[in-house]
Structures are given as C-alpha cells and as structure tokens.
Amino acid sequence: MTETFQFKLLATDGKARRGEVSMPRGTIRTPAFMPVGTVGTVKAMYLDQVRELGADIILGNTYHLMLRPGAERVARLGGLHNFIRWDRPILTDSGGFQVMSLSSLRKLNEQGVTFKSHVDGALYHMSPERSIEIQGLLDSDIQMQLDECVALPAEPNEIERAMEMSLRWAERCKAAFGDQPGKAMFGIVQGGDIPKLRERSALALRDLDLKGYAVGGLAVGEPQEVMLDMLDVTCPALPAEKPRYLMGVGTPDDILKSVAHGIDMFDCVMPTRSGRHGLAFTRYGRINLRNARHAEDTRPLDEQSTCPATRDYSRAYLHHLIRSNESLGGMLLSWNNLAYYQELMAGIRKAIEEGRYADFMAETQENWKRGDL
Ligand SMILES: CNc1nc2cc3nc[nH]c(=O)c3cc2[nH]1
C-alpha cells in the first residue's frame, strides 16, 4: 500500500501486461476483474467471500447510490467503505451510463444530464462537477469522469459529438477532482467504432495526464471483433505506464482476448447476473442449470475446484434450486462464477509473468470446448 496512487508494470508478454496498482486502501493485481457492487452489495454474496475469492477491488455505481440511499446520506454514515464493510479500494462509475440505460425522461446537454429517478420519479441534474462531488461523498478511491456513451450502431457525427463533449467533460471532472494523492480520477475514451475518433479521444485524454484511462463506449452490443479492433487503435494511443480499464467487459473469452490487446482492468455483471439466472461458468465451458438434463446429475460442477459451491453441490440440486427460484441457487452460482472469474484472472497473471500467455489462452479456450462432459 502507498500514500499515493501508483501503477507498476511488472511483466509484459506481447501486448499483455502484468502490473500492480498501489493505493492507500490496498494493492490491485492486474490484470484484475472487479466484481460489480451496484447498490452497495455484490448481489447474493458476502463481501468477505468476494475478498476470499481474490477480488482486490469492487465497483460501486454512482447512479444507484445517489438515488438510494443518497450520496450525502452515505457521507453522513461515514462513506461507502464503512457503510458496506469493504475496506479495500472501490471504483465508482460516474453515473452517465446508468442514466442512459435505466432512467426515463433524460435530457443531455453541455451542462450535464437531467433525468427522472427510476426509483421514485424525482428529477435530478448531474453535471460533471456533481458526479465527481458525489463520488467524493462516497469516498470512492477510483472515480470515473462523467461521459456520454453512445449505443452502437450510431451515426458518425453523433459519435463525434458525444466524444468531443466527453473530452470537455473530462477537463471539467479533472478540475473538480483537484489533487487527491491517495485517489485517482480516470478519463474514459470514447469514439464508438470509428478508429480516428478513438485515437483523437485517447490522445486528448493522454494530454490531460490523468492517473488512469478507461475504454468506454464498448460492450454495448457490438460484435467482439469490433471491440477488439477498437482496442487495437486505442491502447497504443494511451500511455503505457498508466492502467487501462475496459468498462463492462465481459465474458471469459472477451477478457482473455482483451488482455492480449493490452487491457489491465475489467468489470462485468456477467458472473453474478447470469449466476442468478442459472448459468454456471466452469473450466470446461458454460452449463445452464435450468436445463432438465441436469435433474438427476449427481456430479458437482467441478470436483477439482477449491470453491465449495463448485465442488460440493450436485448439479441436480443446483437445477432444483434454480427451477424453484430459491435464493440459494443464485447464491451458489454467483459464488461459483466469481470463483471461476478470479481463478481465470490468477491464471492470466501467472501466464504473463511466465511469458506463456499465448499458450495459456489457447489451452483455456480448448478446455471451454470440452463442455460439461
Ligand atoms: C456492460 N457494458 C458496458 N458497461 C459500461 C459502462 C460504462 N460507463 C461509462 N462509460 C462507458 O462508456 C461505459 C460503457 C459500458 N459498456
């Protein structure tokens, strides 16, 4: 741990990077997967379980927390870490993405975004400055700039307008954030699926000399190869000595390939959300426990696993729980899935350290094809 925010590159293997982000609240081993704790909880999990599985950092969502319980209330209660009992780093999204995907009646202009709460219909205005203020009230360690993420496919001039405004908002967020040595404010590269706009966004954000950079505007429905093509353009334009965070990504395959394109940090609701719906991620691929073929299968998901949810419960029981919509079903599969994601990240980090990332990738993808045996 350090008094300031520091990123160290420990090893590289092609474009894959093994690094470490040091902050006062703890060290983040990269490539890192950040479980999503949307409204102050990683759904269906205890946070000490999340830590035990290997998470060094979790995500909080500004949009949800500002609506309920409220940013000022969380501050009065001692900040998000005390509120949810997680004493390691927390990264908060700026809220813009959730506004566009969750709230009704939203208006976006140079000043910021005005929207109605999906909780109680109240009207809110969030400027870049207010987003940073809210993230400060939450005592967030890594704060994201407010940006405008355009859903793809979109018109080039629409993508350019949103990218340019997001750059102006990045400057306003940097000014509002000021100088907080133990914390960081990350810029977010936009530019949709247009290489020259991606490059312009990355280079302009680089000139702001921020502590880290997110690649936004992806994982919004575009094909995987478009996402990877945008990484090919964006990563080289970002400073090598700063961390790179690909927002909202992704499946295990997305993560494997994005690491090979130079990404250090990931977040995704996939392991927890799909777990609640009966989907299990394992070393041998995905298993949908809703499927009747598991009804009398006494095998666990993977007897070699060290995770109790993966090793000790029969597929028949998991099938029963999911079909019965029992809470324990979502709990056990969230546990299994987060265990698998963190096991994958640990394997990725080790493979980069040992200079065998290409082989690791090939072996991992080969194992996924085996299915559930
Ligand atoms: C699940 N996919 C996804 N989650 C995202 C969150 C984001 N936040 C801020 N800005 C983004 O561009 C952005 C893009 C995203 N894609």
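(A) Local environment of the sheet that holds strand E11 (residues 184-189). Taken in spatial order, the eight strands make up an open sheet running E4-E14-E13-E12-E11-E10-E6-E5, and their pairing is parallel. A single partner strand is all that each edge strand has here, and the edge strands are strand E4 (32-34) and strand E5 (58-61). The mean angle between the axes of side-by-side strands here comes to 25°, regardless of whether they run parallel or antiparallel. Here strand E6 (residues 90-93) pairs with strand E10 (residues 142-144) via two bridges, running parallel. Across the sheet, residue leucine 91 finds its bridge partner in E10, namely isoleucine 142. With respect to the sheet, helix H7 (residues 156-177) is in contact with E10 and E11, its orientation differing from that of E11 by roughly 180°.

(B) Spatial organisation of the site of the ligand. Every residue lining the ligand is accounted for by Asp93, Phe97, Asp147, Cys149, Ile188, Gln190, Gly216, Gly217, Leu218, Ala219, Met247 and Gly248. Glycine 217 places a polar main-chain atom, nitrogen or oxygen, 2.7 Å from an oxygen atom of the ligand. Contact distances for the ligand include 2.9 Å between a nitrogen atom and a backbone N or O atom of alanine 219. In isolation the ligand exposes 370 Å². Once the protein is present, 86% of that is buried. Looking at side-chain class alone, the shell around the ligand contains six nonpolar, four polar and two charged residues.

(C) Structural context of the sheet that holds strand E1 (residues 6-13). If you trace the three strands from one edge of the open sheet to the other, you get E1-E2-E3, paired in antiparallel fashion. The open sheet has two edge strands with one neighbour each: E1 and strand E3 (26-30). Neighbouring strand axes in the sheet, compared pairwise and without regard to direction, differ in orientation by 10° on average.

(D) Examining helix H8 (residues 195-207) more closely. The first and last C-alpha atoms of H8 sit 19 Å apart over 13 residues, in line with the 18 Å expected at 1.5 Å per residue. Turning to H8, its buried residues are Leu197, Arg198, Ser201, Ala202, Ala204 and Leu205. Buried residues of H8 fall within an arc of 165° about the axis and therefore sit on the same side. Summarising the geometry of H8, the exposed residues directed more than 90 degrees from the buried face are Lys196 and Asp207. Among the structural elements, H7, E11, strand E12 (212-215) and helix H9 (224-237) are those in contact with the buried residues of H8. Phi for aspartate 209, located one or two positions after H8, is positive at around 50°.

(E) Molecular detail of the pattern of salt bridges. Applying the stated rule across the entire model yields 24 salt bridges. In this structure, arginine 25 and aspartate 141 form a salt bridge, with 2.7 Å as the shortest nitrogen-oxygen distance. Highlighted residues: arginine 25 in the loop between strand E2 (16-23) and E3 and aspartate 141 in the loop between helix H6 (128-137) and E10, separated in sequence by 116 residues. Across the pair arginine 29 and aspartate 56 runs a salt bridge whose closest N-O atoms are separated by 2.8 Å. Residue arginine 29 is located in strand E3, and its partner aspartate 56 is located in the loop between helix H1 (47-52) and E5; the two are separated by 27 residues in the primary sequence. You can call arginine 29 partly exposed: its relative accessible area is 29%. Because the salt bridges share partners, they merge into one network encompassing Arg25, Asp139, Asp141 and Lys183.

Conventions adopted
Residues numbered from 1 in each chain as written. Predicted model: local features only at pLDDT ≥ 70, side-chain atom pairs only at ≥ 80, totals over all residues. Heavy atoms only, no water. Pairing = 2+ DSSP bridges. Helix = DSSP H or I, 4+ residues; strand = E, 2+ residues; numbered from the N terminus. Axes fitted to C-alpha atoms, helices over the stretch in contact; angles between N-to-C directions. Contact = heavy atoms within 4.5 Å. Near = heavy atom within 4 Å. Polar contact = N/O pair within 3.5 Å; in protein donor to acceptor, adjacent residues only side chain to side chain. Areas by Shrake-Rupley, 256 points an atom, 1.4 Å probe, with all protein chains shown as cover. Nonpolar A, V, L, I, M, F, W, Y, C, P; charged D, E, K, R; others polar. Expected span 1.5 Å × (residues − 1). Buried < 20%, exposed > 50% of the residue type's maximum accessible area, 1.4 Å probe, protein only. Arc of directions from axis to C-beta. Salt bridge = Lys/Arg side-chain N within 4 Å of Asp/Glu carboxyl O.

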